[in-house]
Amino acid sequence: MTYGGTAAADAPGTRTGGVPLAAAGFVWPHCATCGGAMQFLAQIRLEDLAGAGRGLFAVFLCANDPGRCASWAPRSGGNRALVLPPRALTAAAPPASGRTGLGEVSAVTYVDVDAATYFDAATGWAKSEERSPREVLGKLGGEPEWLQGDETPRCTGCEGVMTLVAQLEEGHDHRTAADFGGGGSGYGFLCAPCGEAVFLWQA
Ligand SMILES: [Zn+2]
Ligand SMILES: [Zn+2]
């Protein structure tokens, strides 16, 4: 997943920033610890990934009090991943207060890179394309490349091992990027049959 230039806040498909495309009645996620509205980070079109089903995988993080609210931890209430159904989607209205968005909307361009690991692919792509390594926004599907220990979650519904939808980087510009502890990676997981989604980050 590479930086594909600026996109509209309500652009369809996979992007970082902007507002999520949700069905009528969507309730914006709030942090379980501080109670503030969460920051919308990204939406990933599930049709882009074989076996992931349909709809948008949306990721939110509490950015109201950086370093607190356990925004890194799965199921902590300090972050949220949701599957937004692929029907009657409209741009969700962010709450008036709280840090609800990134400073920029970025389109995502998928690039196939032949490499042994994701990090090899990222550095190899940046070098061969003469682009900043920060323009690698993540990777779609496959195996997570952990910065710390393996935290692959299990679904609470079927107890199956959840599959990676995307590993996300903070963003191409530090001024508008997400905060995964300063140079960390985010990990979005899905159990497609159950529709359960989990997010966590490591640094
Ligand atoms: Zn919070
Ligand atoms: Zn399940």
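Counting restarts for each chain: residues are numbered from 1 in the order of the written sequence. In the order they appear in the text, chains get letters beginning with A and ligands get numbers beginning with 1. It should be noted that, the model being predicted, local features are given only for residues of pLDDT at least 70 and side-chain atom pairs only at 80 or more, the latter also being counted only at that level, while totals for whole chains, interfaces and linings use all residues. Side-chain measures here rest on the full set of heavy atoms in the structure, leaving out hydrogens and waters.

**Observations concerning the packing of aromatic side chains**
- What counts as a ring pair is set by centres within 6.5 Å for rings of Phe, Tyr and Trp (its six-membered ring), and what kind of pair is set by the plane angle: stacked under 30 degrees, edge-to-face over 60, tilted for all other angles. This model, assessed by the stated rule, comprises 10 aromatic pairs.
- When the ring of Trp72 is compared with that of Trp201, the centres are 5.9 Å apart and the planes differ by 75°; the resulting orientation is edge-to-face. Linking Trp72 in the loop between β5 (56-61) and β6 (79-84) with Trp201 in strand β12 (residues 196-202), this pair joins segments that are 129 residues apart in sequence.
- Burial classes follow relative accessibility: with a 1.4 Å probe on protein chains only, a residue under 20% of its type's maximum area counts as buried, one over 50% as exposed, and anything between as partly exposed. With a relative accessible area of 37%, Trp72 lands in the partly exposed category.
- On the basis of relative accessibility, which here comes to 12%, the residue Trp201 falls in the buried class.
- By the ring-pair criterion, three or more aromatic residues cluster together here, those being Phe26, Trp28, Phe40 and Phe60. Strands here mean DSSP runs of E at least two residues long; helices mean DSSP runs of H or I at least four residues long; both are numbered from the N terminus.

**Some thoughts on the coordination of the zinc ion (ligand 1)**
- Here a donor is any nitrogen, oxygen or sulfur atom (N, O, S) within 2.8 Å of the metal, with 3.2 Å used for Na, K and Ca; water is not among the atoms considered, so some sites may look incomplete. Each protein donor to the zinc ion (ligand 1) is listed here as Cys31 (SG), Cys34 (SG), Cys62 (SG) and Cys69 (SG); together their distances run 2.2 to 2.3 Å.
- A four-donor site is classed as tetrahedral when every donor-metal-donor angle falls between 85 and 135 degrees; four donors are called square planar, and six octahedral, when trans pairs exceed 155 degrees and all remaining angles lie between 65 and 115, with any other arrangement labelled irregular. Taken together, the four donor atoms surrounding the zinc ion (ligand 1) define angles of 102 to 118° at the centre, an arrangement classified as tetrahedral.
- Considered as a linear motif, the donors of the zinc ion (ligand 1) on their single chain read C-x2-C-x27-C-x6-C.
- Judged by its relative accessible area of 38%, Cys34 falls in the partly exposed class.

**Describing the sheet that holds β12**
- The four strands lie next to each other as β9-β10-β11-β12, forming an open sheet whose pairing is antiparallel. Both edges of this open sheet fall to β9 (138-140) and β12, since each of them pairs with a single strand only. Each strand of the sheet is rotated relative to its neighbour by a mean of 20°, with strand direction disregarded.
- Two strands make a pair as long as DSSP finds a minimum of two bridges between them. Judged from the three bridges that link them, β9 and strand β10 (residues 163-168) form a sheet pairing that is antiparallel. Note on geometry: axes are lines fitted to C-alpha atoms, helical ones only across the stretch in contact, with angles between N-to-C directions running from 0 to 180 degrees.

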